[in-house]
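Residue-level listing of the chains:
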Amino acid sequence: MNFIKYCFLISGFFSGQLYAQVKTETVDTAIVNQIKQEALTRSEVMNLLKNLTDLNGPRLTFSPGYSKAAEWVKKQFSEWGINTTFQPFEPVGTGWSLKNYSLVLKGAQNFPVISLPKAWTSPVNGTVVGGLVIFNPKDEADLDKFKGRLKGQFVLISSEREIDPHFEPDATRIADSTLLKLANASPDDQASRRGPESAAAARLNFLKMKLIREEKPVAILEGSRGDAGTLFVMGNSIPNSPETPYEKRITPFSPEVPVLPPQLVVAGEHYNRLLRLAESGSPVLLELRLETETTPPVKGFNVIAEIPGTDFKNEYVIIGAHLDSWHGGTGATDNGAGVVVCMESARILQKLALKPRRTILIGLWGGEEQGLLGSRSFVKQNLGEKRDKVAPWDSVTYTTMGKNFSVYFNMDNGSGKFRGIHMEGNEFARPVFRAWFKPFEKMGAATLSPKSTGSTDHVAFNSLGLPGFQFIQDPLHYFQRTWHSNMDVFDHAIEGDLKHNSAIMASFAWIAATRPDLFPRK
């Protein structure tokens, strides 16, 4: 018998032992039915979303809008009798808010250009007017011919955007066939990711931004992906040398960020029109008004609400979502939807006067859009830390809270309905989740996929070997229309889906907080 075969047999033996332990996973369906009834028939979730978006959006990290929203969240939790604290994290960052903006083309025909500035972009004084210049160097040698041509101009840096008709609907539900593929996938099957930028391309982009900064144009214009007036806009691009280590690079919110020309994102169709006008040599001008407010550097912070446990009060279950958003819309689907589902779950448990055995925390994270700053900091401050960043989990030093941590559930894939869960390669979770989803099978939520999914706050927990999970959600038109866009607003959230998600999130929090044992780890 070779060693690998022996390891598989031993692994199978211990897996069998664990399955024997959790096969009898029980769920109090009477309590789950109460939770479902409250979530589906007496919901407050859309009311919460209106307040979080229309009145408290957007919520850019480090900015006054984020702080205002956090205070509203804290007040709302307090009205339900739930204690809330703000937990700070580093680094410090500069606040930024957009106060007034317009971009108008002046020529044979005047028209307002559909566009938005990137977050943390610089303002201009009054109204500034300039012509159009296409900036498209192919290599480093090509840069010289643009010297002396950019000053006082609006610089077009993108190629033409391809605009195609939509013969398929933007919004979709996950088909049963796709759910079956997810269920049958290997844990190693991952979504394809774009490879790293080549060294030559990274250097050219750095030199392009360096030249633009030296030339002092009025503004930099880039075409947005998407169409029909939808803009996808995030933070400023900063010219960091490719040789600078990642952890030492200047970010858009860094207090030491250099002064750069304003960076504007233009809707695809309008950007293409500007390109055509520039190529034709037509005598046109752009007129820009851009007023912003910059606030002094502050630490970011998470909002942590707590429903105290009883006999297992020093053990922890956490549900969470990121509170921060980009500035183009009001942060409804990314990620106001996740925030209000977590808040509504807490309201439901309080309204039903349920007393969990374990303490339930609701973590509403800051800085997710800047690289999971809030959740990573929470994990490091409270749960543990890797002694060696590239070593496996046996290099983790857990805190007492980390040792007593049970499970984390995250929502951050738009406002679509939960259809199941990504098990993150944790097969020990399968019989547990099978039992937990049983009351929701007829509601369309039952798929258990062994795959992992990334790019949001459960990753901070998984990086320490702690059970952290993201639900499988119907995509709707999240990536096509609302993700990081000016259309990320209340109208694109579906009430029935958020009620459905609240019922499952509240139930999972309750079941995890009352089962006899901590949630099984990998």
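Refer to the structure above for everything that follows.
Procedures and definitions
Residues numbered from 1 in each chain as written. Predicted model: local features only at pLDDT ≥ 70, side-chain atom pairs only at ≥ 80, totals over all residues. Heavy atoms only, no water. Phe/Tyr/Trp six-rings, centres within 6.5 Å; stacked < 30°, edge-to-face > 60°. Helix = DSSP H or I, 4+ residues; strand = E, 2+ residues; numbered from the N terminus. Lys NZ or Arg CZ within 6 Å of the ring centre and 35° of its normal. Core = buried A, V, L, I, M, F, W, Y, C linked by side-chain atoms within 4.5 Å. Buried < 20%, exposed > 50% of the residue type's maximum accessible area, 1.4 Å probe, protein only. Contact = heavy atoms within 4.5 Å. Polar contact = N/O pair within 3.5 Å; in protein donor to acceptor, adjacent residues only side chain to side chain. Salt bridge = Lys/Arg side-chain N within 4 Å of Asp/Glu carboxyl O. Axes fitted to C-alpha atoms, helices over the stretch in contact; angles between N-to-C directions. Parallel < 35°, antiparallel > 145°, perpendicular 65-115°, else oblique. Left-handed = near helix turned anticlockwise from the far one by under 90°. Nonpolar A, V, L, I, M, F, W, Y, C, P; charged D, E, K, R; others polar. Pairing = 2+ DSSP bridges.

A. Fine view of the packing of aromatic side chains. This model, assessed by the stated rule, comprises 30 aromatic pairs. Considering the side-chain rings of Phe437 and Phe508, the 4.9 Å spacing of their centres and the 65° angle between planes classify their relative orientation as edge-to-face. On the criterion of sequence distance, the pair formed by Phe437 in helix H11 (residues 430–437) and Phe508 in helix H14 (residues 495–514) is long-range, its members being 71 residues apart. Above the plane of the ring of Phe440 lies Lys36, whose end atom (NZ or CZ) is 5.3 Å from the centre. One residue, Lys74, lies across the ring of Phe86, its end atom 4.9 Å from the ring centre.

B. Local environment of the nonpolar core. With 70 residues, the main nonpolar core has Phe77, Leu364, Phe409, Phe433 and Trp436 as its most contacted residues. Here this core takes eleven residues from H14, the largest share from any one element. Those residues in contact with Leu364, other than ones at most four positions away along the chain, are Tyr66, Val73, Phe77, Asn302, Val303, Ala321, Leu323, Val339, Cys342 and Met343. If you look at the next biggest cluster of nonpolar residues, it comprises 22 residues, including Phe154, Val218, Leu274 and Val284.

C. Local environment of the side chain of Asn56. One can find Asn56 in the loop between helix H3 (45–55) and helix H4 (64–79). On the accessibility criterion, Asn56 (7% relative accessible area) is buried. Reaching out from Asn56, the side chain makes a polar contact with the backbone oxygen of Asn51 at a distance of 2.8 Å. A polar side-chain atom of Asn56 sits 3.0 Å from a polar atom in the side chain of Lys68. Beyond its immediate sequence surroundings of up to four residues, Asn56 is in contact with Asn51, Lys68, Ala69 and Trp72.

D. View of the pattern of salt bridges. Within the structure shown, the criterion is met by 24 salt bridges. Its salt-bridge partner being Arg515, residue Glu25 comes within 2.7 Å of it at the nearest N-O pair. Taken together, the positions of Glu25 in the loop between helix H1 (3–22) and helix H2 (29–41) and Arg515 in the segment after H14 put the pair 490 residues apart, joining distant regions of the chain. For Glu25, a relative accessible area of 14% corresponds to the buried category. Across the salt bridge formed by Lys145 and Asp142, the nearest N and O atoms sit 3.2 Å from each other.

E. The arrangement of H11 in detail. Taking burial as the measure, the eight residues of H11 include six buried ones, the bulk of the element. Taken residue by residue, H11 has Arg430, Pro431, Val432, Phe433, Trp436 and Phe437 as its buried positions.

F. A look at the packing of H3 against helix H8 (residues 332–351). For the pair H3 and H8, interaxial distance at closest approach is 9 Å and the crossing angle is 135°. Relative to H8, the element H3 is oriented oblique. For the pair H3 and H8, the crossing hand works out as right-handed. Between H3 and H8, the residues in contact are Val45, Leu48, Leu49, Leu52 and Thr53 and Ala332, Gly336, Ala337, Val339, Val340, Val341, Met343 and Glu344, respectively. The class makeup of the residues in the contact of H3 with H8 is ten nonpolar, two polar and one charged.

G. Highlighting the sheet that holds strand S6 (residues 154–156). Reading across the sheet, the five strands line up as S3-S8-S7-S6-S5 and stay open at both edges, with mixed pairing between neighbours. This sheet does not close on itself; its edge strands, each paired only once, are strand S3 (115–117) and strand S5 (132–134). When strand polarity is set aside, the average angle formed by the axes of neighbouring strands in this sheet is 30°. Across the sheet, helix H7 (residues 268–280) touches S5, S6, strand S7 (219–223) and strand S8 (263–266), and the angle it forms with S5 is around 90°.

H. Inspection of the packing of H2 against H8 at higher detail. Contact geometry of H2 with H8 gives a least axis separation of 10 Å together with a crossing angle of 125°. For the element pair H2 / H8, the angle class is oblique. Here H2 and H8 pass one another in a crossing that is right-handed. Along its contact with H2, which presents Ile35, Glu38 and Ala39, the element H8 presents Arg347, Ile348, Leu349 and Lys351. Taken together, the residues of the contact of H2 with H8 break down into four nonpolar, no polar and three charged.

I. View of helix H9 (residues 373–382). Burial of H9 is extensive: seven of the ten residues sit out of reach of the surface. Residues of H9 that are buried include every one of Leu373, Gly374, Ser375, Ser377, Phe378, Val379 and Asn382, and no others. Just downstream of H9, Gly384 is the residue with a positive phi angle, here 155°.

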